[in-house]
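Close look at the chain arrangement
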Amino acid sequence: TCYAEMRYRILVRNSGLIGIELHHTFEKAELDEHNRELYTYLMKWDPSTGGGIYIAAEKSSDNPLGTGTGKSYALHALVHRLCRMDVPCLYGRTVDFLMELKAAYDEGIQESERRVLNRYTQIPVLLWDDLGKESFKTDWGPEKFYYVIDYRVRLNRPIIISSNFDLAEIEARFGPDNFGPAIASRLAGFCEIWTLGGPDRRVRVRRS
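Residues numbered from 1 in each chain as written. Predicted model: local features only at pLDDT ≥ 70, side-chain atom pairs only at ≥ 80, totals over all residues. Heavy atoms only, no water.

**Let's talk about the packing of helix 6 (residues 140-154) against helix 8 (residues 179-190)**
Running from amino to carboxyl end, helix 6 crosses helix 8 at an angle of 25 degrees, the nearest separation of the two axes being 10 Å. The angle between the axes of helix 6 and helix 8 places the two elements in the roughly parallel class. Crossing geometry of helix 6 relative to helix 8 is assigned as left-handed. Here P142, E143, F145, Y146, I149, D150, R152 and V153 of helix 6 lie close against helix 8, whose contacting residues are F179, A182, I183, R186, L187 and F190. Its residues assigned to classes, the contact of helix 6 with helix 8 comprises 10 nonpolar, no polar and 4 charged. (Axes fitted to C-alpha atoms, helices over the stretch in contact; angles between N-to-C directions. Helix = DSSP H or I, 4+ residues; strand = E, 2+ residues; numbered from the N terminus. Parallel < 35°, antiparallel > 145°, perpendicular 65-115°, else oblique. Left-handed = near helix turned anticlockwise from the far one by under 90°. Contact = heavy atoms within 4.5 Å. Nonpolar A, V, L, I, M, F, W, Y, C, P; charged D, E, K, R; others polar.)

In C-alpha cells form, the structure reads like this:
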C-alpha cells in the first residue's frame, strides 16, 4: 500500500499537473446531467485498448463558446486515475507544447526539438488540453502537431484531447489546404468523439 501511494505521487508529480489541478479528481467531481455520462465513461476507460478520446465543447445560447463545461477537469481527473493505475501519462495545454517547441527552436539545436517531440510521442498516455487555441503564422506549428498525432496513431498510443472546437473547426484552424485535413482525419478515425455542454462552471463558482 505504501509503495503504491509513493508510486502514485511520483507519477502525478511528473504528469504535468500543477496548482489546483492536483485536487481535481473524479471523487471530488460534481456530477450532473451534463457531465455524468462522460465522466462515468472516463472512470471506466481502459488505456490498454489504445485509441483516443476527443472531447469537444457543446455550444448553446447560454454558453455560445462552450467554455467552462469541465473538459479540462475531466483530463485532470483522468490523470489522477491513470497514475493510481500505475500508468505514466503526460498532461499539457497545447499552447504550452507550442511554446516548448519554439524555445527549443530558438536554441538552434535540433536535439532540443527532438527531446520535446519525444516527450509527447513516447509517453504511454498523452492528455492534450485546449486544442485549437494556438496561433500559427506558418506551417511549422501545424506540422509539429501533425507529427505527434500521426506518430501516436501509428503506434496506437492513447491520446486524450479537449477542445472548444469540433473537428471541422480544427481542420480550418490548422489549415484547410495542408495539415488541417490530415489532423482532423486521424483524430476522427482514432478517437471516440464526445461533447460536453452545460453552463460555464467557472462563472457559476465565482457568483456563488
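**Thoughts on the layout of surface pockets**
Computed from the structure, the largest pocket encloses a volume of approximately 720 Å³. Taken together, 27 residues line the largest pocket, and the ones lying closest to its centre are H24, G70, Y73, R201 and R202. Secondary structure elements with two or more residues in the lining of the largest pocket: helix 3 (71-84), strand 2 (89-93) and helix 9 (201-207). The class makeup of the residues in the lining of the largest pocket is 6 nonpolar, 10 polar and 11 charged. (1 Å grid on protein atoms, 1.4 Å probe; cavity = no way out; pocket = protein on both sides within 12 Å on 5 of 7 lines; lining within 4 Å. Points joined across faces, edges and corners; volume = space filled by probe spheres on them.)

**Quick notes on helix 8**
With 12 residues, helix 8 should reach 16 Å at 1.5 Å per residue; the first-to-last C-alpha distance of 16 Å fits that figure. Of all the residues in helix 8, the buried ones are F179, G180, A182, I183, A184, L187 and F190. Where helix 8 is buried, its residues meet strand 1 (52-57), helix 6, strand 4 (159-163), helix 7 (167-173) and strand 5 (191-196). (Expected span 1.5 Å × (residues − 1). Buried < 20%, exposed > 50% of the residue type's maximum accessible area, 1.4 Å probe, protein only.)

**Some points on unusual backbone geometry**
At D86, a residue that is not glycine, the phi angle is positive and equals roughly 65 degrees. Tracing the backbone through its elements, the reader meets D86 in the loop between helix 3 and strand 2. The residue N156 is not glycine, and still its phi comes out positive at about 55 degrees. Structurally, N156 is set in the loop between helix 6 and strand 4.

**Description of the environment of C191**
Position of C191 among the secondary structure elements: in strand 5. Along the sequence, C191 and I160 sit 31 residues apart, while their C-alpha atoms lie 8.1 Å from each other. Residues within four places of C191 in sequence aside, it is in contact with G52, I53, Y54 and I159.

**Regarding the packing of aromatic side chains**
Applying the stated criterion to the full structure yields 13 aromatic pairs. Centre to centre, the rings of F97 and F145 are 5.0 Å apart; their planes meet at 80 degrees, and the pair counts as edge-to-face. Of the two residues, F97 sits in helix 4 (residues 94-107) while F145 sits in helix 6, which places them 48 residues apart along the sequence. As far as burial versus exposure is concerned, F97 and F145 are alike and both buried. Between F136 and F145 the ring centres are 6.0 Å apart and the planes differ by 75 degrees, which places this aromatic pair in the edge-to-face class. Classification of F136 by relative accessible area gives partly exposed; the value is 22%. The ring of Y8 has R84 sitting right over it, with the charged end atom 3.6 Å from the ring centre. (Phe/Tyr/Trp six-rings, centres within 6.5 Å; stacked < 30°, edge-to-face > 60°. Lys NZ or Arg CZ within 6 Å of the ring centre and 35° of its normal.)

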